[in-house]
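Chain residues, written in single-letter form:
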Amino acid sequence: MFFMHRKGLVLLFSTFCFSTYIHAKTDCYSSSPPVVKQLDKVYYGMSNLRIFYTTSGDNALIFQQDNNLNHVPDYIENIAIQANTIRKAWSVLGYQDPLNSPRYKNNVQYIDIQIQKLNGLGLAYDEPHRHTNNPLKKNACALIILISNNIPNLTTDSSLVEHELFHLYTYGYTMFKQPWLTESLAAWSEGIIRKDKLGTYGQRSLPKNEEDFDKYILQRTYRTSQLWNRLTTLVDTSDGKLFLPPSLIQQRYTDGQPVFQDQYLKGTVFMKKFLENLGRQDQQISILNNWNLYHWKEIDQNSAHFNQKILDTLLITLENTNESNIEKNKFQSLLKKVIKNKKSD
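Remember, predicted model here, so these are calculated numbers, not experimental data. (Residues numbered from 1 in each chain as written. Predicted model: local features only at pLDDT ≥ 70, side-chain atom pairs only at ≥ 80, totals over all residues. Heavy atoms only, no water.)

**Student:** Could you clarify how one ought to interpret the state of the cysteines in this entry?
**Tutor:** Simply put, disulfide is the name for a covalent bond between the sulfur atoms of two cysteines. Scanning the model with the defined rule gives one disulfide in all. Cys28 shares a disulfide with Cys141; S-S distance 2.1 Å. Torsion about the S-S bond of the Cys28 and Cys141 cystine: about 110°, corresponding to right-handed handedness. On the criterion of sequence distance, the pair formed by Cys28 in the loop between α1 (2-21) and β1 (29-31) and Cys141 in the loop between β6 (129-131) and β7 (142-148) is long-range, its members being 113 residues apart. (Disulfide = S-S within 2.5 Å. Helix = DSSP H or I, 4+ residues; strand = E, 2+ residues; numbered from the N terminus.)

**Student:** Help me out: how do you make sense of the environment of Leu49 in this one?
**Tutor:** Relative to the elements of secondary structure, Leu49 occurs in strand β3 (residues 49-53). Along the sequence, Leu49 and Lys88 sit 39 residues apart, while their C-alpha atoms lie 12 Å from each other. Once residues within four sequence positions are removed from consideration, Leu49 is found in contact with Tyr43, Tyr44, Ala83, Asn84, Arg87, Ile111 and Ile113. (Contact = heavy atoms within 4.5 Å.)

**Student:** Which parts of the structure should I look at to understand empty space enclosed by the protein?
**Tutor:** The method is simple in principle: a probe with the dimensions of a water molecule rolls over the atoms, and the space it marks as empty is what remains. Tallied over the entire structure, the rule returns two cavities of 30 Å³ or more. Approximately 70 Å³ is the volume found for the largest cavity. If you go around the largest cavity, the residues you meet are Arg204, Ser205, Leu206, Pro207, Tyr216, Ile217, Arg223, Thr224, Gln226 and Leu227. When residues of the lining of the largest cavity are traced back to their parent elements, those giving at least two are α6 (210-218) and α7 (225-235). Its residues assigned to classes, the lining of the largest cavity shows five nonpolar, three polar and two charged. Quantified by volume, the second largest cavity comes out at close to 50 Å³. Across the lining of the second largest cavity, the residue classes tally to four nonpolar, five polar and two charged. (1 Å grid on protein atoms, 1.4 Å probe; cavity = no way out; pocket = protein on both sides within 12 Å on 5 of 7 lines; lining within 4 Å. Points joined across faces, edges and corners; volume = space filled by probe spheres on them. Nonpolar A, V, L, I, M, F, W, Y, C, P; charged D, E, K, R; others polar.)

What follows is the structure, encoded as structure tokens:
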């Protein structure tokens, strides 16, 4: 009864939200990071994708081979091939491309991947930027992804571009940005091109008590993907085969390596529904707090205070699946207990 009431509330607020905030926009902040000025080359991918890089200086590509002699480093082409291919794949699977999302579609023109020296491997920003210190940027508003200039196994064992791009997909659906949520969703999504039917980090049994729930889900980041990998195994009774066009499945990098290591990933329908429901949930929060839909403070986007709302959304999404089994049912009971206790915190 309680969750039926909440579902009605979702619909009510979604309707009000649409009528009130239909013209809401995401600002594009102007900035001029010094590294952007050094990126003196640009390669255009498909669907308004741009890749900025340099072959000299501190941020120069480590791998500058051009084996197909087309005057574009293979490293750059292969990043574009992975990005182009997976964006097409997610579109075929019904996912909302970031540039088509209500949050970004009015203002943002490009997805910009910047190849530069990094301490880590990659980073994706949810706030769009207009870089003003490089004429190649054309003063355009763009979503920014940073990718390391030094990935030795790019075509054989790297789904980094997929991981960072899926952050943009998540940002297009929801304002929630808790690390346990966003990093684990991106890790799950890597399974679209990696071998096996699951995302990265495999799966483990679902937690059986609140202590384990906190330890293995809320206190982790990337490895929380084990939750999604296990849940999608339980709710997706198909073999996980992705019905993608052969021309897409057969895409290869410049060295002949396949982009898709197999054609399987469990739970793509469930995860899409979960992301859509998260978007409805954060719209309710925006309205109740009189916030602009797409202008939450960073502290609110990351706040553990909203874990209860995220878990509430997960529970509703699970309850709307047809599959029923003992492990899933026990997890739903635990989830209700966790949500109840977080409401009283």
